[in-house]
Amino acid sequence: MLLYGCRSVKDRGTKVWIGGASCEEEPKILWSWALDAPEFTMPANVSMEVGNTDIKYLVMELHYKVAQSEAHKDTSGVDILFSKEKTKYQAGIFLFMAEDGTFPPKKKDIHLDLSCNYTSPEITVFAYRTHAHTYATRISGYLVHNSTWSVIGSRDPRLAEMFVRLESVISIKPGDKLYARCEYDTTNANKTIVIGNTHHDEMCNLYLMYFIESAQINSVKRMCTTQQDFKIPREGAPWYEEYVSNRTLIFILICIIIILVGCPLAYCCKSYFCPRRSYYKRPNDGFEKLFTPDEDDEEDEILYKSYKHSY
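For the structure given in this document, a descriptive report is provided here. (Residues numbered from 1 in each chain as written. Predicted model: local features only at pLDDT ≥ 70, side-chain atom pairs only at ≥ 80, totals over all residues. Heavy atoms only, no water.)

**Considering the packing of aromatic side chains**
- This structure, assessed with the given rule, holds 13 aromatic pairs.
- Residues Tyr142 and Trp149 carry aromatic rings whose centres are separated by 5.8 Å and whose planes lie at 70° to one another, so their mutual orientation is edge-to-face.
- What makes Trp149 partly exposed here is its relative accessible area of 21%.
- Note on Tyr179 and Phe230: the rings are 4.7 Å apart at their centroids and 50° apart in plane angle, and the pair reads as tilted. (Phe/Tyr/Trp six-rings, centres within 6.5 Å; stacked < 30°, edge-to-face > 60°. Buried < 20%, exposed > 50% of the residue type's maximum accessible area, 1.4 Å probe, protein only.)

This is the structure in structure tokens:
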């Protein structure tokens, strides 16, 4: 489900239609949902303004994986909370979207990259959402500020397609660079896969939900479609923390193995190359053992007796 804000819509004589454009002009994506995603709540003092703006209509676009018969009663929908009180900030969506691309079959590691220079006013990203179809395995977004890479968000698009709230908001400023990477596995594909709108095609979409002061909401360029390969520093990769934690875990396991295997081995070697002996001393009032020989150790018993007799 996609919720668009439109300045105008084509008069079709009905509020429900199949196919065709959602808006007569370029639509603004307000919200989207798929794959059992939970409800979403805006941060405090953030909203999307409609009505007294260039958004005069709300249009909900539904995509179906399986076509339904005309007799099927569809109850799909979305509940929207309205308020007449203005908020300090307005929310919008910045969209990475691949418009074309081809992926050969029987390939495990394929990726498609998008990149753009950010030139709009500063925005604050607080949530993100990924979207693709059958063969995508991960979609990641990156910010480069003053040559420093950071991960905006990274997620498997096969999971519930929810807007994921960030633990800490991220500021994107003019002059920053934005990147998105979509990764695919076509091992099970029997034909070339292309970017397209049907379920048999693939997609590469990353939505960044942001807020900005209300007066500047229309100054933000909202889309990046430029395909350009890029190289991610290891420290900026979404799997780097996992790599570090796995490396630490492997080190701990190696230490445990050394302890479990090395100690018994060291004991055996010591027993073989350094046979145990019992040592005694003569106290002032008679003989005293420093170490008690084992009862079943014949060699220790013989040594004990010989030392005792010598005194």
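**Topic: the sheet that holds strand β1 (residues 2–6)**
- The antiparallel open sheet is built from three strands, whose spatial order is β2-β1-β4. With one partner strand each, in any of the chains shown, β2 (28–32) and β4 (57–61) form the two edges of the open sheet. Each strand axis lies, on average, 25° off the axis of its neighbour in the sheet, ignoring direction.
- In the sheet, β1 pairs with β2 via four bridges, with the strands oriented antiparallel. By the bridge assignment, Tyr4 is partnered in β2 with Ile29. (Pairing = 2+ DSSP bridges. Helix = DSSP H or I, 4+ residues; strand = E, 2+ residues; numbered from the N terminus. Axes fitted to C-alpha atoms, helices over the stretch in contact; angles between N-to-C directions.)

**Quick word on the nonpolar core**
- Counting residues in each nonpolar core, the largest one holds 37 residues, and the members touching the most others are Phe96, Ile172, Tyr184 and Leu208.
- Apart from the residues lying within four places of it in its own chain, the contact partners of Leu208 are Gly92, Ile93, Phe94, Phe96, Val125, Ala127, Tyr128, Ile152 and Ile172.
- Membership of the second largest hydrophobic core comes to 21 residues, among which are Ala91, Ala127, Met209 and Phe211. (Core = buried A, V, L, I, M, F, W, Y, C linked by side-chain atoms within 4.5 Å. Contact = heavy atoms within 4.5 Å.)

**Describing the side chain of Arg222**
- With respect to the helices and strands, the residue Arg222 is situated in the loop between β14 (205–213) and β15 (223–224).
- An unpaired buried charge is present at Arg222: no salt bridge exists, and Asp54, the closest side chain of opposite charge, is 7.0 Å distant.
- When neighbours within four sequence positions are excluded, Arg222 is seen to be in contact with Lys28, Gly92, Ile93, Phe94, Leu95, Tyr210 and Ile217. (Lys, Arg positive; Asp, Glu negative; His and termini not counted. Salt bridge = Lys/Arg side-chain N within 4 Å of Asp/Glu carboxyl O.)

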